[in-house]
Amino acid sequence: MDKLVIRGGNPLQGTLPVSGSKNTALALMSAALLTREPVILRHIPDLKDIRTFCRVMEVTGTEVAFDTGAHTLRIDAGPLNRSEAPYELVKRMRASFYMLGALLGRTGQARVSLPGGCAWGPRPVDLHIQGMKALGAEISLDKGYVVARAPLGRLKGGDFTLSPSSVGATINFLLAAVTAAGPSRLHGAATEPDVIEFCQMLTAMGAHIEGIGTRTLMISGVDALGGVSFDNCPDRIELGTFMIAAAIAGRPGEPVTLSHARPEHLGQVFLQAFEQTGSRVKVDGSTLEVIPPHRLTPVSISTDIYPGFPTDLQAQWTILLACADGNAKVLETIYHDRFKHIPELRRMGINAVVVGNEVVVEGGNPIEGAAVMSTDLRASVSLVLAGMVARGETHVLRIYHLDRGYEGLETKLAAAGIDVRRERYDEWADPS
Ligand code: UD1
């Protein structure tokens, strides 16, 4: 297995480029299955999750060519001849469940493995399934698989309300609804930038969607969608992670540059909380300068759906609070159990305590390098951030989680002054 070894204390300086969005890319890729014509997607990050979804598509007979150097993906779902997403792939990545809507929309049938649990507790897909039923699908369960069928080979369309609002269920509903025989309406739709970009791609393919960016989407089904060339947007979670990295590890008063960014995708709540810490942000087109303060002010946050504070940035925010001057809280309202990183951070001397769905962080304590274990994607990057400001060496183990969602992280950080390297290790080796 691989680990990252970080020697803390070096200032972050220079420029960190932001890669294409992982979560948006996965949605865009699933849209490509709805057409018989080739689709070209640009700015696709070379990540394990993207490669997993390429495999998921290939199982259906879809031809996929990923030019990782050019970050360009060519998807030809013309030859698609198998409406199945197997457990072996879905268990690696939950977003594979997008195959349910994509295959139903394209072929009128789907056999997709249920994803099961995840590192931060149960993550149900009930709303995805109810959404398909509302569109007219007949659904049954067979040995861990969802088996879905449109009675006359094509969904009728229908109305559905998402409660709570869900990014994934919104995407699945749209995938199935855009080629339904009749109109559909989705209330409580997610308004995350990933969903908006996805709707724009569907529209460019010939779909009819009204209300894009609002909580109510109105869809008029069309007979067929066409091919498209589409540019993926920059990753807002990577941007937020780098902003936090700059605030805690940059030299006070000296700017760290973040390039290829879309800061408006982070939402006002994150941007305001960030500036309340005393960090300054200057935006010039797609380039951001973050100017770290001499002392970080602790700012409590509460995660929420867009435009609220992203749940995918709360673990990283905990490190910022650990570096701040005073105490503050992180309240998690989306995934109540998303705190697997806290026991690892405590091993580094961070005084953070989980109380229900809240973490109370006492800032200003010295952070010590230690061997720590990644448990999921965003938890892993919080350990890397802690390592950057820790005294001594931090070994972040099991970084396959990190490789799912951060493209070339150690290369980017090393180029910006951080002492970090990747090493292989044997998880079962006895201590020498
Ligand atoms: C997406 C993101 C993930 C992010 C999350 C929340 C991708 C690939 N992943 O995940 O990084 O953390 O949004 O911003 O884009 N829910 C149900 N029933 C369902 C579906 C969801 O109750 O059928 C609940 C969830 O438990 C959660 C809430 O809805 O409490 C929001 O989850 P959702 O937006 O669906 O997250 P994902 O799309 O899985």
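For every chain, the first residue of the written sequence is number 1, and numbering continues from 1 onward in sequence order. The predicted nature of this model means local features are confined to residues of pLDDT at least 70 and side-chain atom pairs, given and counted, to a pLDDT of 80 or more, with totals for whole chains, interfaces and linings taken over all residues. The side-chain quantities take in all heavy atoms of the structure and omit both hydrogens and water.

1. Some remarks on the overall build of the chain
Right, so step 1: In terms of helices and strands, the chain carries 14 helices and 24 strands.
Right, so step 2: The C-alpha radius of gyration of the chain comes to 22 Å, within 12% of the 22 Å expected for a compact globule of 432 residues.
Right, so step 3: With respect to the three principal axes, the spread of C-alpha positions in the chain is 65 × 45 × 45 Å.
Right, so step 4: Exposure classes here rest on a 1.4 Å probe applied to the protein chains alone. A residue is buried below 20% of its type maximum, exposed above 50%, and partly exposed in between. Within the chain, buried positions represent 56% of all 432 residues. Strands here are runs of E lasting at least two residues and helices are runs of H or I lasting at least four, both read from the DSSP assignment and numbered beginning at the N terminus. For the radius of gyration, the atom set is restricted to C-alpha positions; the globular benchmark scales as 2.2 Å times the number of residues to the power 0.38.

2. Quick notes on the sheet that holds strand S2 (residues 15-17)
Right, so step 1: Read across the sheet, four strands follow the order S2-S15-S17-S16 without closing on themselves; strand pairing throughout is mixed. On the outer flanks of this sheet lie S2 and strand S16 (280-284), each paired with one strand and no other. Neighbouring strand axes in the sheet, compared pairwise and without regard to direction, differ in orientation by 20° on average.
Right, so step 2: Two strands form a pair only when DSSP identifies at least two bridges running between them. Of the strand pairs in this sheet, S16 and strand S17 (residues 287-291) are connected by five bridges, and their pairing is antiparallel. Within S17, the position partnered with Lys-282 by the bridge is Glu-289.
Right, so step 3: Should any heavy atoms of two residues lie within 4.5 Å, those residues are considered in contact. What counts as an axis is a line fitted to C-alpha atoms, over the stretch in contact for a helix, and the angles between N-to-C directions run from 0 to 180 degrees. Helix H8 (residues 236-249) rests against S2, strand S15 (256-259), S16 and S17 of the sheet, and its axis sits at about 30° to S17.

3. Examining the environment of Leu-239
Right, so step 1: Within the fold, Leu-239 resides in helix H8.
Right, so step 2: A C-alpha to C-alpha distance of 18 Å links Leu-239 and Gly-417, two positions 178 residues apart in sequence.
Right, so step 3: In this structure, Leu-239 is in contact with Val-18, Leu-258, Ala-261, Arg-262, Pro-263, Leu-266 and Leu-288, ignoring residues within four places of it in sequence.

4. Considerations on the domain arrangement of the chain
Right, so step 1: Parsing the chain into structural domains produces domain 1 (2-19 + 234-424) and domain 2 (22-231).
Right, so step 2: Taking only C-alpha atoms, the centre of domain 1 and the centre of domain 2 are 31 Å apart.
Right, so step 3: The interface is formed by 22 residues belonging to domain 1 together with 21 residues belonging to domain 2.
Right, so step 4: If you sort the residues of domain 1 by the area they bury against domain 2, Tyr-306, Arg-404 and Glu-407 come out on top, with a joint share of 34%. Note that the domain bounds reflect an automated or database-derived domain assignment. Note: buried area is the sum, over both parts, of the accessible area (probe 1.4 Å) each one loses when the two are combined.

5. What about the site of the ligand?
Right, so step 1: Contacts to the ligand come from 18 residues, most closely from Asp-126, Ser-166, Val-167, Gly-168 and Asp-312.
Right, so step 2: Within the contact set of the ligand, an oxygen atom lies 2.7 Å away from a backbone nitrogen or oxygen of Val-167.
Right, so step 3: Definition of a polar contact: a pair of N or O atoms within 3.5 Å, with one able to donate and the other able to accept a hydrogen when the atoms are protein atoms, and with sequence-neighbouring residues admitted only if both atoms are side-chain atoms. Here an oxygen atom of the ligand sits 3.5 Å away from a polar atom, N or O, in the side chain of Arg-338.
Right, so step 4: Each accessible area is a Shrake-Rupley estimate made with a 1.4 Å probe; only the visible protein chains count as cover when residues are assessed. When isolated, the ligand has an accessible area of 740 Å², and the protein chains bury 84% of it. Put simply, a residue is near a molecule or strand once any heavy atom of it comes within 4 Å of that molecule or strand.

6. Notes on unusual backbone geometry
Right, so step 1: In this model, Ser-163 is joined to Pro-164 through a cis peptide bond whose omega is 5°.
Right, so step 2: One can find Pro-164 in the loop between strand S10 (159-161) and helix H6 (167-177).
Right, so step 3: The amide bond that connects Tyr-306 to the next residue, Pro-307, takes the cis arrangement and shows omega of 5°.
Right, so step 4: Counting through the fold element by element, Pro-307 comes out in the loop between strand S18 (301-302) and helix H10 (314-322).
Right, so step 5: Positive phi is not limited to glycine here, since His-43 has a value of about 60°.
Right, so step 6: Its place among the elements puts His-43 in the loop between strand S3 (39-42) and helix H2 (48-59).
Right, so step 7: On the basis of relative accessible area, His-43 is assigned to the partly exposed category, the value being 44%.
Right, so step 8: Here the phi dihedral of Arg-398 falls at roughly 55°; this positive angle occurs in a residue that is not glycine.

7. Examining the nonpolar core
Generally speaking, nonpolar side chains in soluble globular proteins are found buried as a group.
Right, so step 1: In these notes, a set of buried Ala, Val, Leu, Ile, Met, Phe, Trp, Tyr and Cys residues joined through side-chain atoms within 4.5 Å is what counts as a nonpolar core. Membership of the largest hydrophobic core comes to 77 residues, with the highest contact counts inside it found for Met-29, Leu-41 and Leu-202.
Right, so step 2: Sort the elements by how many residues they give to this core and H6 lands first, with seven residues.
Right, so step 3: Leave out the neighbours within four places in its chain, and Met-29 touches Leu-41, Ile-50, Phe-53, Cys-54, Met-57, Leu-73 and Ile-75.

8. Description of the sheet that holds strand S19 (residues 327-331)
Right, so step 1: An order of S18-S19-S21-S20 is seen for the four strands of this open sheet, with the pairing classed as mixed. Looking at the sheet topology across the chains shown, the edges are occupied by S18 and strand S20 (351-355).
Right, so step 2: Contacts between H10 and the sheet are confined to S18, S19 and strand S21 (358-362), with S19 contributing the most and set at about 175° to the helix.

9. Some words on the pattern of salt bridges
Right, so step 1: Between Lys or Arg on one side and Asp or Glu on the other, a salt bridge is scored when a side-chain nitrogen of the former is within 4 Å of a carboxyl oxygen of the latter. All told, the structure shown has 29 salt bridges when counted by the stated rule.
Right, so step 2: Notably, a salt bridge pairs Glu-368 with Arg-391, separated by 2.6 Å at the nearest N-O pair. A residue pair is termed long-range when its members are at least 10 positions apart, and Glu-368 in the loop between S21 and strand S22 (371-373) and Arg-391 in the loop between helix H12 (377-389) and strand S23 (393-397) qualify at 23 residues.
Right, so step 3: Accessibility expressed as a relative area gives 32% for Glu-368, which makes it partly exposed.
Right, so step 4: Among the charged side chains, a network of salt bridges with common partners joins Asp-2, Asp-403, Glu-410, Arg-422 and Arg-424.

10. Re the packing of aromatic side chains
Both the distance between ring centres and the angle between the ring planes are used here to describe each pair of aromatic rings.
Right, so step 1: A pair of aromatic rings is counted whenever rings of Phe, Tyr or Trp (Trp by its six-membered ring) have centres within 6.5 Å, and the orientation is called stacked for planes under 30 degrees apart, edge-to-face for over 60 and tilted otherwise. Per the counting criterion, the structure on display carries five aromatic pairs.
Right, so step 2: With a centroid separation of 5.4 Å and an interplanar angle of 50°, the aromatic rings of Phe-270 and Phe-309 are classed as tilted. On the criterion of sequence distance, the pair formed by Phe-270 in helix H9 (residues 268-276) and Phe-309 in the loop between S18 and H10 is long-range, its members being 39 residues apart. For the pair formed by Phe-270 and Phe-309, the shared burial category is buried.
Right, so step 3: On the basis of an interplanar angle of 70° and a centroid distance of 5.8 Å, the ring pair of Phe-270 and Trp-317 is categorised as edge-to-face. Remark: Trp-317 occurs in helix H10 and Phe-270 occurs in helix H9; sequence separation between them is 47 residues. Accessibility assignment for this pair places Phe-270 and Trp-317 in one class, buried.
Right, so step 4: Taken together, the ring pairs connect Phe-270, Phe-274, Phe-309 and Trp-317 into an aromatic cluster.
Right, so step 5: Residue placement shows Arg-111 over the ring face of Tyr-145; its charged tip is 4.2 Å from the ring centre. Throughout this description, the term charge over a ring refers to an Arg CZ or Lys NZ atom that lies within 6 Å of the ring centre and within 35 degrees of the ring normal.

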